[in-house]
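Understanding the architecture of this molecule
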Amino acid sequence: MKQKNSFIKRKVLLFTCMCIVSLGVFAQNITVRGTVTDANNEPIIGASVLVLKSNPPQGATTDEHGNYVLSNVAPNAILRISYVSMQTQEVAVKGNSTVNIVLKESDELLDEVVVVGYGVQKKASITGSVASIKGGELKTSGMANVSNTLAGRLPGVVATNRSGEPGADYSNIIIRGKGTLNNNSPLIVIDGVANRAGLERINPSDIESINVLKDASAAIYGAQAANGVILITTRRGTTGKPTITYNGAYTLSQFTRTPKLLNAYEYMTWADEIEVGNTGTANPRYANIKGGYLDGTINRKQYGDTDWMKATFRDFAPQTRHSISVNGGSENVKYYLSGDYFYQEPNYRNTVFNFQTTQLRSNIDAKINNYLTVNLDLAVRNEDRNNSIYGTGTMFWEAFNAYPFLYDYYPNGLPGPGLANGNNLAVLANGSDIGYDKVKDLFLDTKIGFDLKMPWITKGLSLSGYAAIDRRYRSEKKFWDTWDTYYYDTVNDDYVKQTTNMDGNMINLNQEASNDLSKTFNLKLNYERTFGIHNIGAFVAYEQNQFDTDNFWAWRGYYMSSRPDYLDFGGEKDKTNGGNAFSSARQNLFGRFNYAYKNRYLAEFTLRHDGSMNFPKGKRWGTFPGLSVGWRMSEEKFIQEALPFANDLKLRASWGKLGNDRVDAFQYLNTFNMVNGAIYGEDPALHKGFKVGRTGNPDITWEKVDSKNIGLDAILWNGLLSFSGEYFYQKRNDILTKKQASIPDYTGLILPDQNIGEVSNKGFELSLNHTRSVNEIKYYIGGNFTYTKNTILFFDEAANVPDWQRRTGHSMDTWLYLKSDGIYQTQEEIDNSPHLPNTKPGDIKYVDIDDDKAITDNDRIRSSNGNIPRIVYGINMGITWKGFEASMLWTGQAQAYQMIVPYALNTQKEFYDNRWISAAETPNAKYPRAFDKEAGSNNNTRWSDFWLYDASFIRLKNVEIAYNLPKEWTKNLQIEALRVFLTGNNLFTIDKIKFQDPESSATSAGQYYPQSRTYTVGLTLSF
């Protein structure tokens, strides 16, 4: 019995102990409370506090005082605290019932402030599609033109550089491809003012950021937003001691691709083969001298062997840039002042031509009291172009058509005669004797604004506004002088001078002047407030703009000499002058409403009501709404549990109606043109009169765009990896286009444009970035990819256009061409197939598409692509270590095709070396027989897929190596920072064209000013 009782007691004791242990373990779970604040001890409202690895999930959100409470928390639990724009922290409870957390501001992606149009937003709370780049990334590029720095850096932005000519070396920028049959240029907004000129020429050191609105986020700009919006923000002053910064750079520029032309013997061989192929007889002139080049008996007094590309262009041309800025201020006054000088020469040899800009900028912010701040911005830029009287197109045409057996300079130093009219390219390129084309542009942009906080009405309410007055003065003076060249007189063994110019030895002057004035006024009532876990932002605004321009020009000829070169000294005969003016205006009412719940569920609504005088009364006003929503999934507890490595994960979508009023003004009016030839008066005489012009369209209205976008953004592993992907679709209707195509020409009707066109545009964008620090090494690598495809849904076309030639159903800018089928080898092959008249062996064989047994224009087909790429991409990478920096940017394009036809007398060696000679010698020739469009053999210069080249490429766009001197080296010199750098642009390209830059839009096999490769050395000095 004793043993039994003892056994029972032990059982009870064991059970009691187990209960006590169980109760003790349960009792160890505690309630944890605390406060989440920022570095200034200000409470953070709406911060997420999550208990990691708890089951079920536990979490809380801080209240309006930054407090949180968590019940039943294990003493060894880990808390994860996160908030927008703050660094996420993980804190161990360690049995403490009170855990206060101080969050630090994140220096990573989430805290970036992005300009979104009439305001700024934290990047984490943006619901639209906005691409951003900081100014610091642009000023290191070494580019002369800011527009050329954007390629490959921003997803959705297609920036194509077509030429490297100084003063005209800009990129054509379109956002997400082309969407209209008319103007596809985006709206440019500089410091909040729309349609300001000068994006290309802004001093890169002055740029704070560039932001691109690509979807419904652009709807806030309404009638001008259909093609996207580019927002440029310049730098402003900061509180602190004045900082003076100098940037200096010296650049050498060369062509990315220099055409290689034929020498004298090759040219004569080419010309002989053309003559033999067309007539069966060689050119007797060339027969007499061609052999002399081989045996050395050529008369070197008369005949040379000139490479006109080398005679006209040099290997390197100089550029230089110097800028200085002062930045600083107090709590009451902040200022940013800068000056910039840029000088650039073209690649012409021994030239007097150049392009230069000088600009000043002053941005001042003054705090009048605790409520009122005013600002005054002033930007002045002067552009001077000292150009040739011949455009670059003419210069390259001359280079491709000049005979290489002509001298640039004879052995005695006298200039040769040139191809015609004394147009010796060596003389034209130098430019000192032929006259000049001097263009001066003065831009003056002013803006005065204010920001008034009104807490006495309600907290968060403010009123702001500005007045912007922009002026542009342009003058051009084009003076045609005479110049001397020489030809060799074989009879007298002498060089005979010929004095000439393009206008038949007549010295003349044309002078033009224009004056533009743009006035913009804006007033905005803004409200921003946080109510616990609710964040609200809203504004309503009014804006108006008026633009006026007037122009004047005058001409005189018959000058007795080139000095003085003023209008007063020209002849009275045939003198003339003229002038005109233009005006436009817009009025806008618009607003935006933002709402965020727990910084987790986001919504934005915009509405704009625009009026434009481009349209008739009753149709001048249009309404453009935009809606976007976002869900920060990373703020959800279940996502934090499942994906603890996700710092930010956001799903967003947008829809909007956007407009485009960038069309010719006054199309709703019947127009009359002033012409010569009206005879009237009491004494009838010939006077100027009016002639009926265009018929007006009283129903003209806006182009309208329905835009949809969905995107996903992610920041993972504390910024080690960031990702963004989005899909977009746009449909544009009411596109202004003519209905003329379906009405026969014999009717004589000249109809106005009508809102009948329709185009769709769709695509997707991807970007991926990785950044990491390992000890003293920090590196990054990233890339972006954009695909766009547009389709013409409706375009008025004549009823007799074959289906295979219609533009409807195809992309814009497609090519219409004949389909080739190799090269004819024999006359029998020609006789047994449809062919063009005068076709010879060695000519291109074309396909009879319509099967009518003849090659006609009806056999042309339409390509699937044009020269606007559907795919653009960029890859950028960089590394820093102990003051050393290195960065690299690759850019590329794909699904772009360029028609390139060798038209000229003198062709590139590519076509000579790989030409068809005979069926026996060159049956697999790459190109047809020798040909020339002007020599009766234009069968081979028809647009065909034979000359349609794949313009895809990948290019090493930018490389920079820099070193920041240690502060201990510079502090004794009172220098705050000293950075030296070496930069290269367009260093090499991998493509399929080889003889012409693949980015060019030239269709004439190299007859354009090529893109530039540049090498820059410079320094940045701050003190």
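The structure presented is a predicted model; accordingly, all values stated were derived computationally and were not measured.

**A word on the overall build of the chain**
Secondary structure summary: the chain contains eleven helices and 49 strands in total. Along the first, second and third principal axes, the C-alpha set of the chain runs to 145 × 80 × 75 Å. Counting only residues that meet the buried cut, the chain has 51% of its 1023 residues in that class. Across the chain, every contact between residues at least 6 apart in sequence was considered, and the portion connecting residues at least 24 apart equals 70%. Surface summary for the chain: the accessible area is close to 46,800 Å², and the carbon and sulfur share equals 56%.

**Quick notes on the confidence of the model for the chain**
Caution is warranted with low-pLDDT regions, since their predicted coordinates should not be read in detail. Per-residue pLDDT for the chain averages 89, and the proportion of residues at 70 or more is 93%. Within the chain, no element has a lower average pLDDT than helix α1 (residues 2-28), which sits at 46, and none a higher one than strand β40 (residues 844-846), at 97. Ignoring residues within four places in sequence, the model shows residues 11-27, a span with pLDDT below 50, making zero contacts including any to other chains.

**Thoughts on the side chain of Asn423**
Tracing the chain through its elements places Asn423 in the loop between α6 (392-401) and α7 (425-430). Exposure remark for Asn423: the relative accessible area of 5% places this residue in the buried category. In terms of polar contacts, Asn423 uses its side chain to reach the side chain of Tyr390, at 2.8 Å. Apart from residues no more than four positions distant in its own chain, Asn423 is found in contact with Tyr390, Glu398, Pro417, Gly418, Leu428 and Trp483.

**What about the packing of aromatic side chains?**
Aromatic rings in a pair are described by how distant their centres are and how their planes are angled relative to each other. Going through the model one piece at a time under the given rule, you end up with 47 aromatic pairs. Ring plane angle 15 degrees and centroid distance 6.1 Å describe the contact between Trp881 and Phe884, whose orientation is recorded as stacked. Residue Trp881 is classed as partly exposed on the basis of its relative accessible area, which comes to 40%. Members of the aromatic cluster, each reached through a chain of ring pairs, are Trp270, Phe911, Tyr912, Tyr927, Phe931, Phe946, Trp947, Tyr949 and Phe995. Sitting over the face of the ring of Phe590, Arg608 holds its NZ or CZ atom 4.6 Å from the ring centroid. A cation over a ring is seen here: Arg955 above Phe953, with NZ or CZ 5.1 Å from the ring centre.

**What about the pattern of salt bridges?**
Per the counting criterion, the structure on display carries 52 salt bridges. In this structure, Arg806 and Asp803 form a salt bridge, with 3.8 Å as the shortest nitrogen-oxygen distance. According to the relative accessible area criterion, Arg806 is partly exposed, its value standing at 21%. Asp803 gets classed as exposed once you look at its relative accessible area, which sits at 63%. The closest approach of N and O atoms between Lys992 and Asp950, which form a salt bridge, is 3.2 Å. Placement of the pair is Lys992 in the loop between β48 (989-991) and β49 (1012-1022) and Asp950 in strand β45 (residues 948-950), with a sequence separation of 42 residues. The class for Lys992 is exposed, based on a relative accessible area of 58%. The network of salt bridges with shared partners includes Arg176, Lys214, Arg652, Asp713, Glu726 and Glu765.

**Some details on the pairing of strand β18 (residues 317-329)**
Of all 13 residues in β18, ten are buried; the element is thus mostly enclosed. Sheet analysis places strand β17 (residues 240-255) next to β18, joined by twelve bridges and oriented antiparallel. Within β18, the residue paired with Thr245 across the bridge is Ser325. The pairing of β18 with strand β19 (residues 333-344) spans eleven bridges and is classified as antiparallel.

**Focus: helix α4 (residues 284-295)**
Among all positions in α4, only Tyr286, Ile289, Lys290, Gly292 and Tyr293 are buried. Taken down its axis, α4 places every buried residue within 160 degrees of arc, on the same side. More than 90 degrees from the buried face of α4, the exposed residues found are Pro284, Ala287, Asn288, Leu294 and Asp295. Positive phi shows up at Gly296, right after α4, with a value of about 80 degrees.

**Re the sheet that holds strand β6 (residues 89-92)**
The four strands lie next to each other as β3-β2-β5-β6, forming an open sheet whose pairing is antiparallel. In this open sheet, the two strands that pair with only one neighbour each are β3 (58-61) and β6. Each adjacent strand pair in this sheet contributes to an overall mean axis angle of 20 degrees, direction not counted. For strand β2 (residues 48-51) and β3, the ladder comprises four bridges, and the chain directions are antiparallel. What sits directly across from Val51, in β3, is Gln58.

**Observations regarding the nonpolar core**
If you look at the biggest cluster of nonpolar residues, it comprises 67 residues, and the most contacted ones within it are Trp270, Tyr390, Phe405, Phe911, Trp947 and Tyr949. Looking at which element gives the most residues to this core, the answer is helix α3 (residues 264-279), with six residues. Ignoring any residue separated from it by four or fewer positions in sequence, one finds Trp947 in contact with Ile844, Gln898, Met899, Ile900, Val901, Pro902, Phe911, Tyr927, Pro928, Phe931, Asn940 and Arg942. Counting 23 residues, the second-largest nonpolar core is a separate cluster that includes Val116, Ile220, Ala225 and Leu231.

**Structural notes on the sheet that holds strand β4 (residues 67-73)**
On the basis of which strands lie adjacent, the open sheet formed by three strands has the order β4-β1-β7 and mixed pairing. Either end of the sheet is taken by a strand with one partner, and the two such strands are β4 and β7 (101-102). Note: strand β1 (residues 30-37) against β7, two bridges, orientation parallel. By the bridge assignment, Val36 is partnered in β7 with Ile101.

**Notes on the packing of α3 against α4**
The contact between α3 and α4 brings their axes to 9 Å, and the two run at 145 degrees. Note that α3 runs across α4; the crossing there is left-handed. The residues of α4 that touch α3, namely those facing Ala264, Tyr265, Tyr267, Met268, Thr269, Ala271 and Asp272, are Tyr286, Ile289, Lys290, Tyr293 and Leu294.

Thresholds applied
Counting restarts for each chain, with residues numbered from 1 along the sequence as it is written. A pLDDT threshold of at least 70 governs which residues receive local features in this predicted model, and a stricter bar of 80 or more applies before side-chain atom pairs are shown or counted, although totals over entire chains, interfaces and linings include all residues. Computation of side-chain values covers all heavy atoms of the structure but excludes hydrogens and water. Numbering of helices and strands runs from the N terminus; a helix is a DSSP stretch of H or I covering at least four residues, while a strand is a stretch of E covering at least two. We call a residue buried when its accessible area falls under 20% of the maximum for its residue type, exposed when it is over 50%, and partly exposed in between, using a 1.4 Å probe and counting protein chains only. Here a residue-residue contact requires only that any non-hydrogen atoms of the pair lie within 4.5 Å. Throughout, the Shrake-Rupley method with a 1.4 Å probe supplies accessible areas, and for residues the shown protein chains are the sole cover considered. Confidence scores per residue from the predictor, reported as pLDDT, run from 0 to 100. We define a polar contact as two N or O atoms separated by no more than 3.5 Å, with the added condition that, inside protein, one atom must be a possible hydrogen donor and the other a possible acceptor, whereas residues neighbouring each other in sequence contribute only through side-chain atom pairs. The criterion for an aromatic pair is that two Phe, Tyr or Trp rings (for Trp, the six-membered ring) have centres within 6.5 Å, with stacked assigned to planes under 30 degrees apart, edge-to-face to planes over 60 apart and tilted to the rest. Placement of a positive charge over a ring is assigned whenever Lys NZ or Arg CZ falls within 6 Å of the ring centre and within 35 degrees of the normal to the ring plane. Salt bridge criterion: a side-chain nitrogen from Lys or Arg within 4 Å of a carboxyl oxygen from Asp or Glu. DSSP bridges decide pairing: two strands pair if at least two such bridges lie between them. Read the arc as the range of directions from the helix axis to the C-beta atoms. Between N-to-C directions, angles span 0 to 180 degrees; the directions come from axes that are lines fitted to C-alpha atoms, helices contributing only their stretch in contact. In this text, buried Ala, Val, Leu, Ile, Met, Phe, Trp, Tyr and Cys residues form a nonpolar core when linked through side-chain atoms within 4.5 Å. By the definition used in this description, the sense in which the near helix is turned from the far one sets the handedness, with an anticlockwise turn below a right angle giving left-handed and a clockwise turn giving right-handed.

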